[in-house]
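# Residue-level structural notes
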Amino acid sequence: MLISELSDRSGLTVQTIKFYIREGLLPRGEAAGATRARYDRRHLERLRLIRALRELGDLPVAAIQKIIAAVDDEGAGLPELFGATQHALGPHVAPPDDPHWRAAREDVDALVRELDWRASERAPARDLLAQAFVALRRLGFPITLRDLRPYVRAAADVAEHEIGRVADGEPRARTVHTLLVSTVLYEQVLTALHRLAQEDAAARRFAP
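Summarised in this report is the structure supplied together with it. Please read all numbers here as calculations on a predicted model, not as lab measurements.

With that settled, the discussion passes to helix α6 (residues 99-115). Compared with the 24 Å implied by 1.5 Å per residue over 17 residues, the 24 Å span of α6 between its first and last C-alpha is a close match. The complete set of buried residues in α6 reads Trp-101, Ala-104, Arg-105, Val-108, Asp-109, Leu-111 and Val-112. Mapping the buried residues of α6 onto a view down its axis gives an arc of 160°, with all of them on the same face. Those residues of α6 that are exposed and angled more than 90 degrees off the buried face are Pro-99, His-100, Glu-106, Arg-113 and Glu-114.

The following block contains the structure:
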């Protein structure tokens, strides 16, 4: 297909597609003349992934470049691909120079070790959890394993379900797309269900 058809099928403007080519996010098409190039299904799939990363993940071009590089690196396994995507998605917390935050981060690292979760030391979620621990303690809610257990079980169950949906031999770009949907959209679903269930539990316990 020519770039005009690629634009129609991807929903992106020709100018945007040319920008992605210049930035190295999209391979150049096969030359079909002095000023024309042809594109195929792989270009369309790549554009759909880039669009999802931009619209769902709200990611800048630099972050998308890192994910695309991980997708194209066939030598990197799926754990590395997941890690690159999670790191790009963030959120990235700026660690303050604060003893309370450092203590919370140490507690997070200890928790991950105790759970035997194989999560990168650089995973943004570690800092995010540490930030939550600091806020809880400042509000007078100390962190205990007993309080955390229901959340740990729920998180593990959800993660197992999500990773179970990734088919063996699935194209790497599709794998990233699946992870993106799970992380960005289904986290919103999980938050909404949690709040609805909390309201229901309160009504069952306290309502006459």
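Take the packing of helix α5 (residues 78-89) against helix α9 (residues 172-206) next. Any two packed helices are characterised by the angle at which their axes cross and by the distance between the axes. The N-to-C vectors of α5 and α9 enclose an angle of 45°; their axes lie 10 Å apart at closest approach. Considered as vectors, α5 and α9 are oriented oblique to each other. The two elements α5 and α9 cross, and the hand of that crossing is right-handed. On the side of α5, the interface is formed by Leu-78, Leu-81, Phe-82, Thr-85, Gln-86 and Leu-89, while α9 contributes Arg-172, Thr-175, Val-176, Leu-179, Leu-180, Thr-183 and Val-184.

Computed from the structure, the second largest pocket encloses a volume of approximately 280 Å³. Broken down by secondary-structure element, the contributors of at least two residues to the lining of the second largest pocket are α3 (41-55), α4 (61-72) and α9. Element by element, the count of residues in the lining of the second largest pocket is highest for α3, at 4 residues. Split into classes, the residues belonging to the lining of the second largest pocket amount to 4 nonpolar, 1 polar and 7 charged.

Another point: the nonpolar core. Soluble globular proteins tend to bury their nonpolar side chains together. Ranked by size, the top nonpolar core spans 31 residues in total, and within it Ile-17, Leu-53 and Leu-59 carry the most contacts. Contributing elements (two or more residues each) for this core: α1 (3-10), α2 (14-22), α3, α4, α5 and α9. Among the elements that take part in this core, α4 stands out by supplying 7 residues, more than any other. Formed by 10 residues, the second largest nonpolar core is a distinct cluster that contains Ala-104, Leu-111, Val-134 and Val-152.

Calculation notes
- Residues numbered from 1 in each chain as written.
- Predicted model: local features only at pLDDT ≥ 70, side-chain atom pairs only at ≥ 80, totals over all residues.
- Heavy atoms only, no water.
- Helix = DSSP H or I, 4+ residues; strand = E, 2+ residues; numbered from the N terminus.
- Expected span 1.5 Å × (residues − 1).
- Buried < 20%, exposed > 50% of the residue type's maximum accessible area, 1.4 Å probe, protein only.
- Arc of directions from axis to C-beta.
- Axes fitted to C-alpha atoms, helices over the stretch in contact; angles between N-to-C directions.
- Parallel < 35°, antiparallel > 145°, perpendicular 65-115°, else oblique.
- Left-handed = near helix turned anticlockwise from the far one by under 90°.
- Contact = heavy atoms within 4.5 Å.
- 1 Å grid on protein atoms, 1.4 Å probe; cavity = no way out; pocket = protein on both sides within 12 Å on 5 of 7 lines; lining within 4 Å.
- Points joined across faces, edges and corners; volume = space filled by probe spheres on them.
- Nonpolar A, V, L, I, M, F, W, Y, C, P; charged D, E, K, R; others polar.
- Core = buried A, V, L, I, M, F, W, Y, C linked by side-chain atoms within 4.5 Å.

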